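Single-letter residue listing:
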Amino acid sequence: MTHILTLAGSPASPSRSSALLAYCARLLEADGITADALAVRDLDAADLLHANVKGPTIQDALVRVAAADGIIIATPVYKAAYTGVLKAFLDVLPGGALAHKIVLPLVSGASSGHALVLDYALKPVLAALNAGLILNGVYLLDSQFEHANGAITRFTADDAETRLIESVQNFAKALHHLADAPES
Ligand SMILES: Cc1cc2nc3c(=O)[nH]c(=O)nc-3n(C[C@H](O)[C@H](O)[C@H](O)COP(=O)(O)O)c2cc1C
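Because the structure is a prediction, the values reported are computed rather than measured.

A. Expanded view of the overall build of the chain. Of regular secondary structure, the chain possesses six helices and eight strands. Secondary structure elements of the chain, listed N to C terminal, follow the sequence β-α-β-α-α-β-α-β-α-β-β-β-β-α. In terms of overall dimensions, the chain is globule-like: its C-alpha atoms have a radius of gyration of 15 Å, near the 16 Å expected for 184 residues. If one aligns the C-alpha atoms of the chain with their principal axes, the spans along those axes are about 45 × 40 × 30 Å. Put simply, the chain has 184 residues, and 40% of those count as buried. Sequence separation of 24 or more characterises 75% of the internal contacts of the chain that already satisfy a separation of 6 or more.

Written as C-alpha cells, this is what we have:
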C-alpha cells in the first residue's frame, strides 16, 4: 500500500496552503494512496525552536516522515521565502530524510512576484535533504481559490484546479512507479 504524508508549513489556522494539501490528499485517497497529515504548527514550539529532536512531538513527526513513500509539502510565502516554522522543522530532519521519497511542493502566496519561491527557496532545501525526486510543484495565488473549514470551496481561476490536479496525477504516477520498481 502506498502511503504519503502531507506536511503543512503554515503557522496559521485556518490555512490556505493547508487547504491545498487536504484537496490533494482527497484525490490521492480516491486513487488508493493513504495520506497522513502533519502540521508543523502542531509540534511542540519549544522543542522546535531548540531543535530538540528528542521531544515527543518531534520524534513522532520524524517517524511519520520516515514512514512515507512520498511527501506533499505546502507553505505560504512569508517575506519572499517559505515560513520560518517550516524551516525549523526541516532543520531537525536528519540528512537524507527525504531519500527515496517523491516530493511535491506547493506554495500559496498573495503576489505573483513571489512564484519563484518554489524554485529558488524551497526546492534547494528539499534537494539538501536528498529528496529522491522533486516534482515541479504548483504556486497558487490567494486570488485563485477560496477556502473554508480546512477545505477548498471554489477555484476562481480557470487553470488553478487543472494545475493542481495534474500535479497530483504526476505525483501518484511517480509513487506507483516507485512501488513497482524492484528493491535496490
Ligand atoms: C507574515 C506574512 C508574510 C507574508 N509575505 C508574503 C510575501 O512575501 N509574498 C507573498 O506573495 N505573500 C505573502 N504573504 C501572504 C501569504 O503567503 C498568503 O496569504 C498565503 O496564501 C497564506 O497561506 P496560509 O493561510 O496557509 O498561511 C504573507 C503573509 C503573512 C502572514
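B. View of the site of the ligand. Surveying the vicinity of the ligand reveals 17 residues, the closest of which are Ser10, Ser15, Pro76, Ser108 and Gly109. At the level of elements, α1 (16–30) and β4 (102–109) are the ones that each hand at least two residues to the shell around the ligand. In terms of residue count, α1 provides more of the shell around the ligand than any other element does, three residues in total. Residues that form the shell around the ligand fall into these classes: six nonpolar, eight polar and three charged.

C. Local environment of the environment of Ser108. Along the chain, the position of Ser108 falls in strand β4. Taking the C-alpha atoms as reference points, Ser108 and Gly55, separated by 53 residues in sequence, lie 30 Å from one another. Each residue touching Ser108, except ones within four places of it in the same chain, is listed here: Arg16, Ser17, Leu20, Pro76, Leu140 and Asp142.

D. Highlighting the pairing of strand β1 (residues 3–8). Within β1, five of the six residues are buried, leaving the element largely enclosed by the surrounding structure. Sheet topology places β1 next to strand β2 (residues 34–39); six bridges connect them, and they run parallel. By the bridge assignment for β2, Ala8 is matched with Ala39. For the crossover that starts at β1, traverses α1 and ends in the parallel β2, the hand is right-handed. Bridge count between β1 and strand β3 (residues 70–76): five bridges; the pairing is parallel.

Conventions used here
Every chain is numbered on its own, with residues counted from 1 as its sequence reads. For this predicted model, a pLDDT threshold of at least 70 governs which residues receive local features, and a threshold of 80 or more governs which side-chain atom pairs are given and counted, while totals over whole chains, interfaces and linings are taken from all residues. To qualify as a helix, a DSSP run of H or I must reach at least 4 residues; to qualify as a strand, a run of E must reach at least 2; elements of each kind are numbered from the N terminus. Computation of the radius of gyration draws on C-alpha atoms, with the globule rule given as 2.2 Å multiplied by the number of residues to the power 0.38. Buried residues are those with 20 or more other C-beta atoms within 10 Å of their own C-beta, exposed residues have 12 or fewer, and partly exposed residues lie in between; C-beta atoms are placed from the backbone. Throughout, a residue-residue contact means that the two C-beta atoms, derived from backbone geometry, are no farther apart than 7 Å. Note on definitions: a residue is near a molecule or strand provided its C-beta atom, placed from the backbone, lies within 6 Å of it. Under the scheme applied, nonpolar residues are Ala, Val, Leu, Ile, Met, Phe, Trp, Tyr, Cys and Pro; charged residues are Asp, Glu, Lys and Arg; polar residues are all the others, including Gly. Paired strands are those between which DSSP finds at least two bridges. By convention, a crossover is right-handed whenever its connection, traced from the first strand over the helix to the second and viewed with the strands pointing away, goes clockwise.

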